[in-house]
Amino acid sequence: MSFCEMLEILKERNAGRIVLCNNGNFYTAIGNDAIALNKLLGLKLSCMKTGLCKVGFPINALEKYTGLLIETGYSF
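Here we summarise the structure given alongside this text. (Residues numbered from 1 in each chain as written. Predicted model: local features only at pLDDT ≥ 70, side-chain atom pairs only at ≥ 80, totals over all residues. Heavy atoms only, no water.)

### Some words on the overall build of the protein chain
Now for step 1: Per the secondary structure count, the protein chain includes three helices and four strands.
Now for step 2: Taken from the N to the C terminus, the helices and strands of the protein chain come in the order α-β-β-α-β-β-α.
Now for step 3: Computed over C-alpha atoms, the radius of gyration of the protein chain comes to 12 Å, within 12% of the 11 Å expected from 2.2 N^0.38 for 76 residues, which places it in the range of a compact globule.
Now for step 4: Considering only C-alpha atoms, the protein chain reaches an extent of 35 × 25 × 25 Å along its principal axes.
Now for step 5: With 76 residues in all, the protein chain has 28% of them scored as buried.
Now for step 6: Nonlocal contacts in the protein chain, meaning residues at least 24 apart in sequence, comprise 38% of its contacts between residues at least 6 apart. (Helix = DSSP H or I, 4+ residues; strand = E, 2+ residues; numbered from the N terminus. Rg over C-alpha atoms; globule rule 2.2 N^0.38 Å. Buried < 20%, exposed > 50% of the residue type's maximum accessible area, 1.4 Å probe, protein only. Contact = heavy atoms within 4.5 Å.)

### Some remarks on the environment of threonine 28
Now for step 1: Considering the arrangement of structural elements, one finds threonine 28 in strand S2 (residues 26-30).
Now for step 2: Among the residues examined, threonine 28 registers a relative accessible area of 17% and is labelled buried.
Now for step 3: Sequence separation between threonine 28 and threonine 50 is 22 residues; the distance between their C-alpha atoms is 18 Å.
Now for step 4: Ignoring any residue separated from it by four or fewer positions in sequence, one finds threonine 28 in contact with Val19, Leu20, Cys21, Asn23, Val55 and Gly56.

### Some thoughts on helix H3 (residues 62-72)
Now for step 1: Buried within H3 we find Tyr65, Thr66 and Leu69. On an axial view of H3, the arc spanned by its buried residues comes to 95°, and they lie on one face. Those residues of H3 that are exposed and aimed more than 90 degrees away from the buried face are Glu63, Lys64, Ile70 and Glu71.
Now for step 2: Looking at the buried side of H3, the elements it contacts are helix H2 (32-41) and strand S4 (52-58). (Arc of directions from axis to C-beta.)

### Focus: the state of the cysteines
Now for step 1: One pass over the structure, following the stated rule, counts one disulfide.
Now for step 2: Two residues, cysteine 47 and cysteine 53, share a disulfide whose sulfurs are 2.0 Å apart. Around the S-S axis, the bridge from cysteine 47 to cysteine 53 shows a dihedral of about 100° and counts as right-handed.
Now for step 3: Relative accessible area serves as the criterion here: at 45%, cysteine 47 is assigned to the partly exposed category.
Now for step 4: The exposure class assigned to cysteine 53 is buried, which follows from its relative accessible area of 4%. (Disulfide = S-S within 2.5 Å.)

### Here we look at the sheet that holds S2
Now for step 1: The strand order across the open sheet formed by four strands is S1-S2-S4-S3, and the pairing between neighbours is antiparallel. With one partner strand each, in any of the chains shown, strand S1 (21-23) and strand S3 (46-49) form the two edges of the open sheet. Direction aside, neighbouring strands of the sheet carry axes that sit 35° apart on average.
Now for step 2: Sheet analysis places S2 next to S4, joined by five bridges and oriented antiparallel. Bridge pairing links isoleucine 30 to lysine 54 in S4. (Pairing = 2+ DSSP bridges. Axes fitted to C-alpha atoms, helices over the stretch in contact; angles between N-to-C directions.)

And the structure:
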């Protein structure tokens, strides 16, 4: 199963939530979740093409960003 297929399954099982994936020393989000995190938290958005975007933050900033998400009322 590819990463994209696994991510799709995660998104289906967690509808209405932002999905963060651990990727080495970073947490990343892609697609609409990345766009939402860019707007909500000001994380730098990198887009390879329309609809294929990602954001990320280092593991040591997890508490900071999850705290901000909780404050905004988003589930993750």
